[in-house]
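Notes for the structure review
Letter by letter, the chains look like this.
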Amino acid sequence: MKWYTYIAAFFAGAFLANSIPHFVQGVSGNAFPSPFSTPPGIGLSSAPVNVTWGLFNMFVGVWLFRAGKVKEGNLIITALFIVGFSAMSLNLGSHFTKKQKEAMLYVNPGARLKMRA
């Protein structure tokens, strides 16, 4: 296989993982951080913006999935897809946990004393 199929498989997993929270929050009608919020990734974007961003990530992820030939069953390609998906998922979980804690402190400044490190 060519070198770019390995890269495509990794980023297919990352883009597909990133599509899930944006799409789910958007179709649920919730505001959610996106690259188009102010400030980017920290502020909240509207539900339609998140649905659109989620669909865009899904489209790119599926395109990269096909370009990376993940469906052919090559073990290394499949592992790279899973690593990309896992890496993005862990990164998103960490980012949004930190964002949630910051939002809680903003709403209730005294909450800092109750939180554990």
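Preceding this section is the structure that the text describes.
Read on for a plain summary of the structure. (Residues numbered from 1 in each chain as written. Predicted model: local features only at pLDDT ≥ 70, side-chain atom pairs only at ≥ 80, totals over all residues. Heavy atoms only, no water.)

Quick word on the nonpolar core
Soluble globular proteins tend to pack their nonpolar side chains together in the buried interior. Within the largest apolar cluster, nine residues are counted, these being Ala8, Ala9, Ala12, Leu16, Val60, Leu64, Val70, Ile77 and Phe81. Residue assignment for this core shows that the elements contributing at least two residues are α1 (3-27), α2 (47-67) and α3 (75-107). Here this core takes four residues from α1, the largest share from any one element. Setting aside residues up to four positions removed in sequence, Leu16 forms contacts with Met58, Gly61, Val62, Phe81 and Phe85. (Core = buried A, V, L, I, M, F, W, Y, C linked by side-chain atoms within 4.5 Å. Buried < 20%, exposed > 50% of the residue type's maximum accessible area, 1.4 Å probe, protein only. Helix = DSSP H or I, 4+ residues; strand = E, 2+ residues; numbered from the N terminus. Contact = heavy atoms within 4.5 Å.)

Side note on unusual backbone geometry
Leaving glycine aside, a negative phi is the common case for residues, and trans is the common case for peptide bonds. Backbone geometry at Lys69 places phi at a positive 55 degrees, although glycine is not the residue there. On the secondary structure map, Lys69 appears in the loop between α2 and α3.

Some thoughts on α1
Here α1 contains 25 residues, and its C-alpha end-to-end distance of 37 Å stays within 8% of the 36 Å for a straight helix at 1.5 Å per residue. Looking one or two residues past α1, Gly29 carries a phi angle of roughly 85 degrees, positive in sign. (Expected span 1.5 Å × (residues − 1).)

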